[in-house]
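# Summary of the model geometry
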Amino acid sequence: MASCGLVPIYRQREFHQSPLWRILVDHAEPFLQTYDSRFADSHGPLPREAERVIDRLVRCGDPRYGLSLLHCPDCRLHMAVPYSCKTRVCPSCVNRRAEVLAQSLAEKLPEVDYRHLVITLPKKMGLRKRFQLNPRLQRQIGRLIHRVLTRWTAAQIGCHRNRRDQREKARPGIIMAVQSFGAGLKTHVHYHILITDGIWFPDGSYYALGHWDQSSLLGQLRHSILKSLVARGCLQPETANLLESWPLERSGFSAFLGDPINQPGDRPRLQRVLNYILRPALPLKHLSYVESTGEVRYSPPRAAPKVWEHAYDSQRTLASACGPGCSISPARGSIRSPMPAISPMPSVTSILSRNPGKKPINPKSPSPPSGSNGAPLSCVAGPSTRSSAPSAVRR
């Protein structure tokens, strides 16, 4: 009997043991019914997508609400894999996507050195609050940071005088993700960036950067961001001038720069950095729920525990993450790879497929089956089966 060559490793997730699932099953229905009287005055109206997202979270991983039948004609393996919800607040779905994407990128990225860069915005003058309430502003400033990094890295490169005119067209490789959450689920908009430690010229030649002048880079970023906020009407010119007049180390803007990461010599470390950039906001291993009292506790490793006396309060935090401008939304990936020496970087949906020859995954279709560790299955998907079970959360 022929073998398919790759034995699929799959362990069905025990969704009913998840503390998040138990919280939603116990309290989702009364929470949705009493939200207006409990939280509308203090936290605003319930986001429009909250009910739909909560309903999909309850259904995630439950075989009663649909599954895929998989079979492999070579190894004669048959299995059934439940559908996932693919919502951006589901820890299981976000973690699976992060692992698959990080592994795929670590295998496909060019073999050069990389740096992990983190750009943080200040709390002063309510800047973080403005970014939290305006996801479009987060994307606009992300594109601005990309342009500043491109110009700054090109200006730092030393090359022959005959090639200095080509530096304006030189580009680094950049992978950027916007994270709007911090330790303890606090609002903290910042930008995680994986950038090449050098730039590519139009002819494909690569020049290493070497030394990074962080003060110079942070000064240009602060000036460009404040100027853009003033132009968009988000900040008064006087306020921007005041923020720019302060010492750089006290202005609230910061830039963390990690040590060089060699590819492929240090590929495991590169994959860990990509996993960290794309990680979920609410890891299930740090969440606990006491059914007798309704207390919910979130215990991050490097921050003080966050305790909700009742599950209603924790669901209010989760519901606020379902709409625009959420405070604990997962990382939003923005992949830009203007490197002429290689083929263009594939889209996020095509990266999720380990076999480049296969059709890219449709983001609106049910999630492809995969193991609990994110490894895709090697078997062929058969006809899917959907259940006519009632809605998980009755309203």
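Preceding this section is the structure that the text describes.
Here's a quick rundown of the structure. All of these numbers come straight from a predicted model, not from anything done at the bench. (Residues numbered from 1 in each chain as written. Predicted model: local features only at pLDDT ≥ 70, side-chain atom pairs only at ≥ 80, totals over all residues. Heavy atoms only, no water.)

### Section: the nonpolar core
The condition that has to hold: As used in this record, nonpolar core signifies buried Ala, Val, Leu, Ile, Met, Phe, Trp, Tyr and Cys residues forming a set joined through side-chain atoms within 4.5 Å. Think of it in three bands: residues with accessible area under 20% of the maximum for their type are buried, residues over 50% are exposed, and the middle band is partly exposed, with areas taken using a 1.4 Å probe on protein chains only. Secondary structure elements follow DSSP: runs of H or I no shorter than four residues count as helices, runs of E no shorter than two count as strands, and numbering proceeds from the N terminus.
Grouped together as the largest cluster of nonpolar side chains are 41 residues, with contacts concentrated most on Ile141, Ile145, Tyr191, Ile193 and Leu229. Considering each element in turn, this core owes the most residues, eight residues, to helix 5 (residues 135-156). Within the second largest apolar cluster, 32 residues are counted, among which are Ala28, Cys60, Leu282 and Tyr289.

### Here we look at a positive patch on the surface
Stated formally: Only residues whose relative accessible area exceeds 30% and that take part in no salt bridge are eligible for patches, with like-charged residues grouped when within 9 Å of each other and nonpolar side chains (Val, Leu, Ile, Met, Phe, Trp, Tyr) grouped when within 5 Å. Per-residue and other accessible areas were derived by the Shrake-Rupley procedure at a 1.4 Å probe size, with only the shown protein chains allowed to occlude residues. The salt bridge definition used is simple: a Lys or Arg side-chain nitrogen within 4 Å of an Asp or Glu carboxyl oxygen. A residue counts as positive if it is Lys or Arg and as negative if it is Asp or Glu; His and the chain ends are not included. Just so you know, the charge point we use is NZ for Lys, CZ for Arg, CG for Asp and CD for Glu.
A cluster of like positive charges, contributed by Arg136, Arg139, Arg143, Arg147, Arg151 and Arg232, occupies part of the molecular surface. Tracing the sequence through the fold places Arg143 in helix 5.

### Describing helix 6 (residues 214-231)
To keep things clear, this is the line we draw: Expected span, for any helix, means 1.5 Å times one less than how many residues it has. Working rule for contacts: check all heavy atoms of both residues, and any pair within 4.5 Å makes them a contact.
For helix 6, spanning 18 residues, the distance from its first C-alpha to its last is 26 Å, which sits close to the expected 26 Å at 1.5 Å a residue. Those residues of helix 6 lying buried are Leu217, Leu218, Leu221, Arg222, Ser224, Ile225, Leu226, Ser228 and Leu229. Contacts made by the buried residues of helix 6 are with strand 3 (113-120), helix 4 (127-133), helix 5, helix 7 (237-245) and strand 8 (254-257). Backbone geometry just downstream of helix 6 places Gly233 in the positive-phi region, at approximately 75 degrees.

### Regarding the packing of helix 5 against helix 6
This is how the line gets drawn: The angle between two axes is taken between their N-to-C directions and runs from 0 to 180 degrees, where each axis is a line fitted to C-alpha atoms and a helix contributes only its stretch in contact. The scheme is simple: roughly parallel for angles under 35 degrees, roughly antiparallel for over 145, roughly perpendicular for 65 to 115, oblique for anything else. Each crossing is labelled by how the near helix is turned from the far one, with a counterclockwise turn of less than a right angle marking it left-handed and a clockwise turn marking it right-handed. Ten residues, namely Ala, Val, Leu, Ile, Met, Phe, Trp, Tyr, Cys and Pro, are considered nonpolar, four, namely Asp, Glu, Lys and Arg, are considered charged, and the remaining ones, Gly among them, are considered polar.
At a minimum axis distance of 10 Å, the contact between helix 5 and helix 6 shows a crossing angle of 140 degrees. Compared by their axis directions, helix 5 and helix 6 come out oblique. Helix 6 is crossed by helix 5, and the crossing has right-handed handedness. Two secondary-structure elements touch here, helix 5 through Leu137, Ile141, Leu144, Ile145, Val148, Leu149, Arg151 and Trp152 and helix 6 through Ser216, Leu217, Gln220, Leu221, Ser224, Ile225, Ser228 and Leu229. Residues that form the contact of helix 5 with helix 6 fall into these classes: 11 nonpolar, four polar and one charged.

### Regarding the environment of Leu20
Mapped onto the elements of the fold, Leu20 is located in helix 1 (residues 19-43). Between the C-alpha atoms of Leu20 and Tyr289, which are 269 residues apart in sequence, the distance is 8.0 Å. Apart from the residues lying within four places of it in its own chain, the contact partners of Leu20 are Pro91, Leu284, Leu287 and Leu318.

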